[in-house]
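# Architecture and fold: a report
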Amino acid sequence: MTSATSRENSLTESSHAHAAKRYRQATFWTRVRLHPAGPVAIMFLGLLAACVIVGAIIPDKFVFLSQANLSLLLRAIPGYGVVALGVGLLMISGEFDLSVGSVFVVAPFAMAYAYAEAGLALPVAIIIAFLIAGGIGLANGLITLNFGIPSFITTLGMLFIVRTSAPFIVGYTRSISFKPPPLFREILVGSVGPIPAQFLWFLGLAFVAYLLLNRHFLGNHFFAAGGNANAARFAGINVYRTKLLAFVLCSVFAAISGIFAVTRLNLAQTAPQFFIELFAVAICVIGGLSLFGGRGSVIGIVLGAAVLQLVQDVIILSRLPGFYLDMFVGVMVVAGVVINQMVRRKY
Amino acid sequence: MTTAPPTSAELAAMRRPAAAHPLVAWARTYQATNIAVIFLALLAIVVGWSLIAPDQLRFATAGNFAILSQQIPVTAIAAIGVGILMISGEFDISIAGTFTLVPFIIAITYGTFGWALPLALLAGLLVAIAIGMLNGFVVVSLGIPSFIATLGTMFLLRGVVRFVSINPKTNQPDNIAFFPPEAFKAALSGNLFGPVYAQVIWLGVVALIGYLLLNRHRYGNHVFATGGNRSAAIAVGVPANTVKYVAFVICAATAGFAGLLQATRINQIEPSYTLSGFELKVIAAVVAGGVSLFGGRGAILGMVLGAALLEIVDNLLVLLNAPATLFQGILGAIIIVAVILNTVVARRGRR
């Protein structure tokens with residue numbers, strides 16, 4: 001009797017131990033594979049390793065590891081990256097925003113206009129930029145949510161309306177030179193040691209987005225609204241207000257990115273910056289965000305932005321024509337969505 | 001004594017106002033009525049304005065009509081393909097690439113490789129079919145939303161166009177000249193009489209084929225069924241996936257044909273046209289024409305009138321010396337307003 005129990009015990013113990021061992025063995029790879037940012041992390045590390053190795057072997061032909069190139073790379077990543085953070089937050093809550101391309105241009109232009117031409121104080125000018133961005137985001141959200149129209153159509157229309165109305169108001173193609181106090185410029189686009197300040201700002205903003213998404217109840221609401229709006233409603237979440245907030249946040253992130261660009265160039269233009277919105281969507285998809293909402297991570301967006309700029313850098317360094325970037329983005333968007341779908345099905 | 005409860009037909013009759021004239025009733029259900037009314041109103045205003053003040057607005061002149069009769073068909077033919085695809089419930093924003101690449105292939109094979117013209121046209125057709133099949137594969141077989149899938153192929157096609165058109169000396173895409181035989185040019189874009197050009201005939205042909213396909217052929221029923229309610233369509237035996245594949249191919253073929261019309265008219269192909277927002281214009285034309293963005297509703301006449309409406313607005317802006325970028329803003333507004341109206345109309349229809 002005792003022996004039988006002990007044998008049973010030992011059996012269950014051993015099978016438990018076996019299961020635990022198997023679980024432990026599988027856990028790391030499973031976690032990497034099933035994490036939204038798993039594929040992009042592997043891709044990023046592989047690409048980075050390849051670049052570093054090739055750069056170390058033939059430093060004359062492929063000057064990847066030079067100080068100039070690395071600092072250029074770190075300056076380039078935040079450009080699309082900050083826009084993608086906002087687009088990603090919105091995508092997680094189940095909507096799209098293509099109008100960021102015009103917010104990126106119009107909001108900082110308004111800031112430069114208010115500061116340089118209207119002579120307002122810089123903080124007031126920045127607030128004006130954010131108000132314009134927030135207003136555009138609010139309009140996107142109100143039209144999309146009240147009429148039940150797909151958000152990509154609303155924001156596609158908004159992209160073109162805003163892009164053309166701004167030059168129309170200020171008198172067609174113009175550029176305004178924007179010369180803020182040196183301290184402001186130093187804080188925004190200077191450098192800390194060898195690291196450009198924009199990159200640190202990008203990491204900081206990503207951290208804020210991470211806190212919002214993973215450590216704040218609003219993040220839960222974003223995921224819930226994007227994952228299953230009906231279930232979210234039954235759980236007492238105000239989906240309408242959540243999505244409206246995501247629309248506004250998305251526009252504000254685009255305005256921040258635009259302010260960085262204008263400060264760096266000392267110039268604000270009404271000429272459209274082509275396809276920022278599409279690159280931002282591409283970054284999110286490459287970064288493992290689900291197109292249907294409810295799935296994604298901030299680290300994925302950061303790595304997606306890094307991968308895009310790495311590829312851009314490789315294309316420039318090896319003197320390939322620029323259309324390879326177009327092709328890469330096209331293939332990666334489709335491949336990214338396919339991979340995301342496969343991972344989702346496996347869940 | 002109890003009265004029998006009203007049947008559903010009687011209830012419907014009670015809810016509606018008194019039975020209208022059959023023509024009015026038909027117009028109410030016809031899916032291009034709104035755009036027809038708007039189009040005719042705009043046309044009346046513009047023509048009236050230009051007749052009253054010909055110095056202010058030179059719209060109703062032979063020269064201007066000649067321009068319109070060459071421009072409207074190009075947009076309208078592409079709109080018919082996109083519209084049929086949209087009725088089947090999908091979307092294509094890669095058509096600017098198709099519009100450029102197909103005539104490009106024809107020009108290269110005919111001009112540079114020296115192939116016979118029919119062979120070059122066949123090559124162009126095959127490329128269009130391949131693009132349509134690729135889009136269909138990514139959307140239907142891989143199950144990706146068509147907006148994102150065709151965004152991917154848009155980038156891809158843009159890359160291909162720049163790849164084949166690159167000038168090794170300047171490292172920039174080059175315009176390619178296209179000089180087909182005179183008879184071919186005359187057939188595709190020659191002057192028929194007065195301000196009317198051959199493109200109008202081609203538009204008529206494509207619209208007629210589209211109408212027969214959509215409203216007089218089994219395939220059309222399948223398209224409406226697939227776009228209206230996909231699972232119901234599959235349940236009654238409609239091959240929904242095949243329907244969508246064919247719709248993607250039709251869309252690519254019409255975009256390629258529109259590109260060919262444009263190329264024979266101006267005798268060259270501009271790779272930069274892939275960046276011009278042509279897809280936006282065509283989508284605006286289709287939704288303004290009353291085609292539902294969600295599929296299942298639409299009419300060929302609506303697509304053609306939507307395209308004509310947009311081209312006339314574009315033309316007006318040129319005549320009034322407005323800045324060219326303003327047109328894109330108007331396009332954006334037209335898209336949003338048209339989709340809102342279509343959604344409201346569809347909701348009312350369902351009630």
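See the structure shown above.
Calculation criteria
- Residues numbered from 1 in each chain as written.
- Chains lettered and ligands numbered in written order.
- Predicted model: local features only at pLDDT ≥ 70, side-chain atom pairs only at ≥ 80, totals over all residues.
- Helix = DSSP H or I, 4+ residues; strand = E, 2+ residues; numbered from the N terminus.
- Rg over C-alpha atoms; globule rule 2.2 N^0.38 Å.
- Buried ≥ 20, exposed ≤ 12 C-beta atoms within 10 Å, placed from the backbone.
- Contact = placed C-beta atoms within 7 Å.
- Nonpolar A, V, L, I, M, F, W, Y, C, P; charged D, E, K, R; others polar.
- Axes fitted to C-alpha atoms, helices over the stretch in contact; angles between N-to-C directions.
- Parallel < 35°, antiparallel > 145°, perpendicular 65-115°, else oblique.
- Core = buried A, V, L, I, M, F, W, Y, C linked by C-beta atoms within 7 Å.

Time to look at the overall build of chain B. Looking only at helices and strands, chain B has 15 helices and six strands in total. Against the globule reference of 20 Å for 351 residues, chain B gives a C-alpha radius of gyration of 22 Å, in line with a compact fold. When its C-alpha atoms are laid out on the principal axes, chain B stretches across 95 × 55 × 35 Å. Here chain B holds 351 residues, and the buried ones make up 48% of them. A fraction of 76% describes how many contacts in chain B between residues 6 or more apart in sequence connect residues 24 or more apart.

Right, let's talk about the interface of chain A and chain B for a bit. With 35 residues of chain A at the contact, the number on the chain B side is 34 residues. Put simply, the parts of the chain that give the side of chain A that touches chain B at least two residues each are helix H5 (122-147), helix H6 (151-170) and helix H14 (323-346) of chain A. It is H6(A) that contributes the most residues to the side of chain A that touches chain B, 14 residues altogether. For the side of chain A that touches chain B, the per-class residue count stands at 26 nonpolar, seven polar and two charged.

This next bit is on the packing of helix H5 (residues 95-112) of chain B against helix H13 (residues 278-288) of chain B. Residue and element names in this part refer to chain B. Contact pair H5 / H13: the axes reach a minimum separation of 7 Å and the direction vectors enclose 120 degrees. Of the residues in H13, those in contact with Ile-95, Ala-96 and Phe-99 of H5 are Phe-278, Glu-279 and Val-282. Counted by class, the contact of H5 with H13 contains five nonpolar, no polar and one charged residues.

Further remarks concern the packing of helix H9 (residues 217-227) of chain A against helix H11 (residues 239-265) of chain A. Residue and element names in this part refer to chain A. The contact between H9 and H11 brings their axes to 10 Å, and the two run at 110 degrees. Classed by the angle they form, the pair H9 and H11 counts as roughly perpendicular. Across the interface between the two elements, His-221, Phe-222 and Ala-225 from H9 touch Val-239, Thr-242, Lys-243 and Ala-246 from H11. In the contact of H9 with H11, the residues fall into four nonpolar, two polar and one charged.

Core analysis: the largest hydrophobic core is formed by 211 residues, its most contacted members being Val83(A), Ala280(A), Ile283(A) and Ile335(B). Apart from residues lying up to four places away in sequence, Val83(A) is in contact with Val100(A), Phe104(A), Phe253(A), Ala254(A), Ser257(A), Ile276(A) and Ala280(A).

To continue, consider unusual backbone geometry. Of note, Asn266(A) is a non-glycine position whose phi angle comes to about 60 degrees, a positive value. Position of Asn266(A) among the secondary structure elements: in the loop between H11 and strand E4 (267-269).

Residue and element names in this part refer to chain A. Tracing the backbone through its elements, the reader meets Cys-51 in helix H2 (residues 38-57). Residues Cys-51 and Val-311 lie 260 residues apart in sequence; the distance between their C-alpha atoms is 9.8 Å. Among all residues touching Cys-51, those that are not within four sequence positions of it are Phe-64, Leu-310 and Val-314.

Structurally, the position occupied by Gly194(B) is in the loop between strand E4 (191-193) and strand E5 (196-197). Counting along the chain gives 52 residues from Gly194(B) to Leu142(B), while the straight-line C-alpha distance between them is 50 Å.

On to helix H12 (residues 276-286) of chain A. Residues and elements named next belong to chain A. Along H12, ten of the eleven residues are buried, which leaves the element largely enclosed by surrounding structure. Every buried residue of H12 is listed here: Ile-276, Glu-277, Phe-279, Ala-280, Val-281, Ala-282, Ile-283, Cys-284, Val-285 and Ile-286. The first or second residue beyond H12 is Gly-288, which carries a positive phi of 90 degrees.

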